[in-house]
Amino acid sequence: MENGTNIKQILKEQYKTAKNLKTRSLLHSYNTNKIDWNNWCFSQMQIPNKAKILELGCGTGDLWYENRHFIKNDWNITLSDFSSGMLENTRKNLERVNYNFSYEEIDAQDIPYENEYFDIIIARHMLYLVPEIEKALSEIKRVLVNGGIFYVTTNSHDSMSELNTLVEKFDSNMGLHNNGMCHRFNMEGGYLLLKKYFSQVKMDVLQGNIVVDYAEPIVTYKASTIKGTSVLIGNKRQQFTEYLEDYIKKNGSISITTKSCIFKAKK
Ligand SMILES: C[S@@+](CC[C@H](N)C(=O)[O-])C[C@H]1O[C@@H](n2cnc3c(N)ncnc32)[C@H](O)[C@@H]1O
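Rules used throughout
- Residues numbered from 1 in each chain as written.
- Predicted model: local features only at pLDDT ≥ 70, side-chain atom pairs only at ≥ 80, totals over all residues.
- Heavy atoms only, no water.
- Axes fitted to C-alpha atoms, helices over the stretch in contact; angles between N-to-C directions.
- Helix = DSSP H or I, 4+ residues; strand = E, 2+ residues; numbered from the N terminus.
- Parallel < 35°, antiparallel > 145°, perpendicular 65-115°, else oblique.
- Left-handed = near helix turned anticlockwise from the far one by under 90°.
- Contact = heavy atoms within 4.5 Å.
- Nonpolar A, V, L, I, M, F, W, Y, C, P; charged D, E, K, R; others polar.
- Near = heavy atom within 4 Å.
- Polar contact = N/O pair within 3.5 Å; in protein donor to acceptor, adjacent residues only side chain to side chain.
- Pairing = 2+ DSSP bridges.
- Disulfide = S-S within 2.5 Å.
- Right-handed = clockwise from strand over helix to strand, strands pointing away.
- Buried < 20%, exposed > 50% of the residue type's maximum accessible area, 1.4 Å probe, protein only.
- Arc of directions from axis to C-beta.
- Core = buried A, V, L, I, M, F, W, Y, C linked by side-chain atoms within 4.5 Å.
- Salt bridge = Lys/Arg side-chain N within 4 Å of Asp/Glu carboxyl O.

Caption draft 1: Quick look at the packing of helix α7 (residues 161-171) against helix α11 (residues 234-251). The N-to-C vectors of α7 and α11 enclose an angle of 120°; their axes lie 11 Å apart at closest approach. Here α7 is positioned oblique relative to α11, judged by the angle of their axes. Our pair here, α7 against α11, has a crossing hand that is right-handed. In contact with L166, V167, K169, F170 and D171 of α7, α11 contributes K236, Q239, F240, Y243, L244 and Y247. Partitioning the contact of α7 with α11 into residue classes produces 7 nonpolar, 1 polar and 3 charged.

This is how it looks when you write it as structure tokens:
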């Protein structure tokens, strides 16, 4: 594992723009569960009138674009990310939404707001990337009002296990047979960690199944990950593509289980 400074640089590089994130979301379009992830997340949230909302690591802002018809005018929504390039993309993406969002460059470990400022804080698939997760959790708790809710999403350890097994059989030395940094805050371990900071923690799960009958979407997905960008290149990428094509020829398709959750943590 790289040291702290290196991880920070690698993450900054990975999320300098929205390119890698957008590439990875393509594979999810093959999910046979047609419940949209953004709609599902939003339907899990109970946001009071006049709420002050902060999203951390907002990525391209899809949560708000896909739920644009449900945004209430009396909400005050701040979208944040530690990557200025990502935020630029978010702003462009949300130009099409008739709502006045605020945008701010924020590292989740250091939230520049006074105590008890927000009613709702959202962090989707980003907490496992934060170097000091507990520092972020104590900041989130600090800036939430009493009774405020922190919505946080992540993957199960078992998500995409069929794909990870295939990658391991192809070449276990590549270090790509896992879900990247997800193990640092996943569905299995998240509850206990959140319980250290929040009085009540509930969880809901969305499961699906990706079915693909050609190799490219999977190769592109793995090649866009933090590790994949350095190891799944050139010949190795070509060999992996051929390995998957061979598997598909024998089995008809590749089927990958997806399992993600949302924690609802009340202060
Ligand atoms: C996997 S993406 C998820 C994006 C978005 N929340 C979504 O679910 O589509 C992780 C996001 O977290 C951001 N990020 C990573 N580390 C961060 C940190 N320490 N503080 C704030 N944002 C961070 C990245 O720039 C990226 O936009």
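Caption draft 2: Highlighting the site of the ligand. If you check the shell around the ligand, you find 17 residues, and the closest are G57, D81, D107, A108 and R124. G57 is positioned with one of its backbone polar atoms (N or O) 2.7 Å from a nitrogen atom of the ligand. Residues belonging to the shell around the ligand are distributed by class as follows: 10 nonpolar, 4 polar and 3 charged.

Caption draft 3: Inspection of the sheet that holds strand β6 (residues 200-212) at higher detail. The 7 strands lie next to each other as β3-β2-β1-β4-β5-β7-β6, forming an open sheet whose pairing is mixed. Each of the sheet's edge strands pairs with one partner strand only, and the pair in question is β3 (102-105) and β6. In this sheet, neighbouring strand axes are inclined to one another by 15° on average, regardless of whether the strands run parallel or antiparallel.

Caption draft 4: Spotlight on the state of the cysteines. All chains considered together, the criterion is met by 0 disulfides. Its sulfur unpaired, C58 is 14 Å from the next cysteine sulfur, which belongs to C41. Of all cysteine sulfurs, the one in C261 lies closest to C182, which takes part in no disulfide; the gap is 10 Å.

Caption draft 5: Up close: the side chain of N31. With respect to the helices and strands, the residue N31 is situated in the loop between α2 (19-28) and α3 (37-43). A polar contact is formed between the side chain of N31 and the backbone nitrogen of N33, at a distance of 3.1 Å. Here N209 takes part through its backbone nitrogen, which lies 2.8 Å from a polar atom of the side chain of N31. Excluding residues that lie within four positions of it along the chain, N31 makes contacts with G208, N209, I210 and T258.

Caption draft 6: Expanded view of the packing of α7 against helix α9 (residues 216-223). Packing of α7 against α9 brings their axes to within 13 Å, and their N-to-C directions diverge by 80°. Between α7 and α9, the angle falls in the class roughly perpendicular. Two secondary-structure elements touch here, α7 through L163, N164 and V167 and α9 through I218, Y221 and K222. When its residues are assigned to classes, the contact of α7 with α9 shows 4 nonpolar, 1 polar and 1 charged.

Caption draft 7: Spatial organisation of the pairing of β3. Bridge count for strand β2 (residues 76-81) against β3 is 4 bridges, and the pairing is parallel. When the sheet's bridge partners are listed, S80 is paired in β3 with E104. On the question of chirality, the crossover connecting β2 to the parallel β3 by way of helix α5 (residues 84-93) is right-handed.

Caption draft 8: Up close: α5. Burial in α5 covers these residues: M86, L87, T90 and N93. The arc that holds the buried residues of α5, viewed along the axis, is 120°, so those residues lie on one side. Across α5 from its buried face, at more than 90 degrees, point the exposed residues E88 and K92. Where α5 is buried, its residues touch α2, α4 (62-66), β2 and β3.

Caption draft 9: Representation of the nonpolar core in the model. Among the nonpolar cores identified, the biggest contains 39 residues, and L56, F150 and F198 are the most heavily contacted of them. Listing elements by their share of this core, those giving two or more residues are α1 (4-14), β1 (52-56), β4 (118-124), α6 (133-143), β5 (144-155), α8 (187-195) and β7 (254-266). Top element by residues in this core is α6. It accounts for 5 residues. With residues near it in sequence (within four places) discarded, F198 still touches L137, I140, K141, L144, F150, A265, K266 and K267. W40, I47, Y65 and I262 belong to the second-largest nonpolar core, a separate cluster that totals 27 residues.

Caption draft 10: Region of the structure containing the pattern of salt bridges. For the coordinates displayed, the defined rule picks out 8 salt bridges. With a closest N to O distance of 2.7 Å, D171 and K236 form a salt bridge. Here D171, found in helix α7, pairs with K236, found in helix α11; they are 65 residues apart in sequence, far enough to count as distant. Of the residues examined, K236 reaches a relative accessible area of 25% and is grouped as partly exposed. Across the pair R237 and E216 runs a salt bridge whose closest N-O atoms are separated by 3.1 Å. Here R237 is found in helix α11, whereas its partner E216 is found in helix α9, with 21 residues between them in sequence. With a relative accessible area of 29%, R237 lands in the partly exposed category. Judged by its relative accessible area of 35%, E216 falls in the partly exposed class.

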